[in-house]
Amino acid sequence: MEDGVTSGREASAQAGPDDAVGAPVRRARFQPIVDLRTGRPIGWEAHPHRWVEDAPDGGLAVLASLEAAGSPPDDGLVFVHVSADLLGDPRLYEECERLGSRVVVDVRGAEVDRLIDLSSELDALATAGIHLSIENTSGVSLALIARVRPTFVKLDPPIVRDIVHDPANRSVVRAYVAFAEHEGIHVIAEGVERHDQLDELRSLGVVLARGPLFGQPSGDWAPPSPRRRRPPLVLDTVRAAKEVLGGAADADAVAEQLVVELERIGDCSAVYYERDGLLRCVAEDGHAEVIDGIPVRSGLLGSAFRAGGLVHGDDPHGGGKRLAHAIHVSDRAVGVATVVSASGFTAEQESHLIELVGLAGTRIAEVGAPRAATAMHVLARATNELALLTDVHQVEIAAARLAGLVGGMSSTMFALPGTTGLDIKSLQGPLAPELRQLSPETLRRLLDHVGTASSCFVAAERSGMRPELAKLCEAGASSVVVLPVRSGERGVGLLLLADHAPMSLALDVREAIELLASGLGRALDMVMLVDDLRTQATVDTLTGLGNLAAFQEALSNMGARRRGGWALAMADVDGLKIINDTHGHLTGDFALRSLATVLHDVLRSEDRMFRIGGDEFAALLQDVDPEGAADVGRRMCEAAASVMADFGAGLSVGIAIPEQGERPDEFIDRADKMLYEVKRSERGTVRVAPSTERTAD
């Protein structure tokens, strides 16, 4: 091995990161490149596995793996992605020498500029019989491509995707075909998915193509297997579909067969089942890529699921039309079937989709609903949600809801230690009125009963149970689970789940609920720690007022929200140094705490006070004019005198009303100037800065 590159002969001793111990080396996958005139492949594009795909020398690893794959049939070409940096690497030529003149190196269009500077390397490629191909050519000058003399140039998938409906894309293809004929270059269309795209490419003179229409990448040199054009609808189609779907053994098999039947309607199709509020793809045919995990309240598929019927829309990827229809079992939507067609749909095709979906729903009702997410699966999602919560109240509200999801029980309650026992923080479900009647002391006794265990559960009403549980059963609960929620910051809380129906409460479900309870305790500790850190960062520890950082944030928020109608008051203690020097710093601290208390008391509830320095204070006064601001300032001075006069100290205040177009540093400076004018001329009073009569910017 040299420079971290594993050759094919060494690779058997080194597995990729997702290989099992002792498993053979992961080989490349191959997708045919087809001559549209004959339908036969001229070669195959080698797709690397993900563990080498992004490596700088991943192309060498792919070439090395070709030895294990054997020779392509009929002397077919092998297209391999490499970076321009490898064109001068001797290892590239060593690997290619084993394959003869069948190798085509694919270089991205973004590197064409570099290729021009590698003329000697390009000559070496030609001498060695190695062909050059340029891919991802959008935005690359044809003149630059001509200078590097490739054998092949590839049309980007986005150009092919919209070629049927976009005249500009057709013009681009015509230009490439004319350019290629003049320069002796072969054009390959990439990402062909549908027959209408293929027809358009043929009409424009393209003779080579690759894409899902001819087959997906596979581990061998598979011949092209183009999807057949969808057959016409005939009278016995529904009868035949009913027979086929009727043979499906489970809900997943129904979905697999349904996408096959949907080929009669469109170019590509998919079936999604709902799981945990997301639509998950369980079967598809014809898509180059599949969007999965779609929220049921999002997009066209979500609209169909919520509406419970047929929804029409545009296909955002291919420029065609899309139909989506909810799949029902006993009047409940369990999923969505969707189909895309570049040419749109007839009324007959829409009717056929509705019939197929109805047949699928009937068969699912017979074989059983789609597999539900396990409790551990739901727990994983709940844990992710808990990790995003930022304050205690959010955790308290989420606790009952998440417990219901994980435990699958209809009614849930979350309680934390209070003054006389446990106080309910959140609850939900049909048994919520009965749960609300449990007193703090009753909840405490339930928690004590669990002790150091993980949980206590009742799967059905039985004699001899504790009075607290018996009371719930008398109110209609047949199943109850009680779990401790242990938080280092909040003590031990309680999570309670209940349901009218008797439930088996399997071990994996109980374990999932217990893990959720542990996660709730950790989430409470984390958000309280974050809250403490936030408080330490924004609160003055001596007075309890906001500190300088809090003042700057509040000032920024005020300034961003409005100009005018509020005021900034800057205040300074007169004589604090005398207090410290005469009576000591402890007395000075006491005086500052007393001052902070009375200043806070004289402000209105909408106003905010901050300590921004040793003897410096600031206040943000909302909804005031100059006279109102001056009145607040006078009350501040009088309140300060009530606690500071005995020490021979007081408070001076300067106020500014921010004006339209004025920056924060400008009105702070005006308030400061008023403050120091007061301190020079008449300490212990207030002065408001006059208007500057600015005009709006």
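Residues numbered from 1 in each chain as written. Predicted model: local features only at pLDDT ≥ 70, side-chain atom pairs only at ≥ 80, totals over all residues. Heavy atoms only, no water.

Focus on the packing of helix α22 (residues 576-583) against helix α23 (residues 585-602)
Line of reasoning, step 1. At their nearest, the axes of α22 and α23 sit 7 Å apart, and the two run at 140° to each other. Judged by the inter-axis angle, α22 sits oblique to α23. Every residue of α23 that contacts α22 at Leu-576, Ile-579, Asn-580 and His-583 is listed here: His-585, Thr-587, Gly-588, Ala-591 and Leu-592.
Line of reasoning, step 2. Of the residues in the contact of α22 with α23, the class split is 4 nonpolar, 5 polar and no charged. (Axes fitted to C-alpha atoms, helices over the stretch in contact; angles between N-to-C directions. Helix = DSSP H or I, 4+ residues; strand = E, 2+ residues; numbered from the N terminus. Parallel < 35°, antiparallel > 145°, perpendicular 65-115°, else oblique. Contact = heavy atoms within 4.5 Å. Nonpolar A, V, L, I, M, F, W, Y, C, P; charged D, E, K, R; others polar.)

Re the sheet that holds strand β22 (residues 616-622)
Think of a sheet as strands paired side by side through backbone hydrogen bonds, with each pair either parallel or antiparallel.
Line of reasoning, step 1. Taken in spatial order, the 5 strands line up as β21-β22-β20-β23-β24 in an open sheet, and their pairing is mixed. Unpaired on one side and paired on the other, β21 (608-611) and β24 (686-688) mark the two borders of the sheet. The mean inter-strand angle of the sheet, taken between neighbouring strand axes irrespective of direction, is 20°.
Line of reasoning, step 2. In the sheet, strand β20 (residues 566-574) pairs with strand β23 (residues 650-656) via 7 bridges, with the strands oriented antiparallel. By the bridge assignment, Asp-572 is partnered in β23 with Ser-652.
Line of reasoning, step 3. Against the sheet, α23 makes contact with β20, β21, β22 and β23, and its axis sits at roughly 5° relative to β22, the strand it touches most.
Line of reasoning, step 4. Along the sheet, helix α25 (residues 664-681) makes contact with β20, β22, β23 and β24, crossing β23 at roughly 145°. (Pairing = 2+ DSSP bridges.)

Some remarks on helix α15 (residues 375-387)
Line of reasoning, step 1. The end-to-end C-alpha distance of α15 is 18 Å, a good match for the 18 Å that 13 residues give at a rise of 1.5 Å each.
Line of reasoning, step 2. Looking at α15, one finds that the buried residues are Ala-375, Val-378, Leu-379, Ala-382 and Leu-386. Down the axis of α15, the buried side of the element spans an arc of 105°, and every buried residue falls inside it. The outward face of α15, more than 90 degrees from its buried face, is lined by the exposed residues Asn-384 and Ala-387. (Expected span 1.5 Å × (residues − 1). Buried < 20%, exposed > 50% of the residue type's maximum accessible area, 1.4 Å probe, protein only. Arc of directions from axis to C-beta.)

A short note on a nonpolar patch on the surface
Line of reasoning, step 1. Taken together, the side chains of Met-526, Leu-529, Val-530 and Leu-533 define a hydrophobic patch exposed on the protein surface, amounting to about 350 Å² of accessible area.
Line of reasoning, step 2. Topologically, Val-530 is positioned in helix α20 (residues 507-538). (Patch = residues over 30% accessible without salt bridge, like charges linked within 9 Å, V, L, I, M, F, W, Y side chains within 5 Å. Areas by Shrake-Rupley, 256 points an atom, 1.4 Å probe, with all protein chains shown as cover. Salt bridge = Lys/Arg side-chain N within 4 Å of Asp/Glu carboxyl O.)

Observations regarding the packing of α15 against α20
Line of reasoning, step 1. Remark: α15 packs on α20, axes separated minimally by 9 Å, with the N-to-C direction vectors making an angle of 10°. In terms of axis orientation, α15 runs roughly parallel to α20. Side by side, α15 and α20 meet where Ala-375, Met-376, Leu-379, Ala-382 and Leu-386 of the first sit next to Asp-508, Val-509, Glu-511, Ala-512, Leu-515, Leu-516, Gly-519, Leu-520 and Ala-523 of the second.
Line of reasoning, step 2. Of the residues belonging to the contact of α15 with α20, the class tally is 11 nonpolar, 1 polar and 2 charged.

Comments concerning the environment of His-81
Line of reasoning, step 1. If you trace the backbone, His-81 turns up in strand β3 (residues 77-81).
Line of reasoning, step 2. When the C-alpha positions of His-81 and Val-62 are compared, they lie 8.6 Å apart, and in sequence the two are 19 residues distant.
Line of reasoning, step 3. Here Glu-45 takes part through its side chain, which lies 3.0 Å from a polar atom of the side chain of His-81.
Line of reasoning, step 4. Engagement of the side chain of His-81 in a polar contact is seen with the side chain of Glu-135, the distance being 2.7 Å. (Polar contact = N/O pair within 3.5 Å; in protein donor to acceptor, adjacent residues only side chain to side chain.)

So, the pairing of strand β19 (residues 491-499)
Line of reasoning, step 1. For β19, a buried count of 7 out of 9 residues is recorded, marking the element as mostly surrounded by other parts of the structure.
Line of reasoning, step 2. With 5 bridges joining them, strand β15 (residues 411-417) and β19 adopt antiparallel strand pairing. Considered in β19, the bridge of Ala-415 is made with Leu-494.
Line of reasoning, step 3. Pairing of strand β18 (residues 479-487) with β19 involves 9 bridges; the strand directions are antiparallel.

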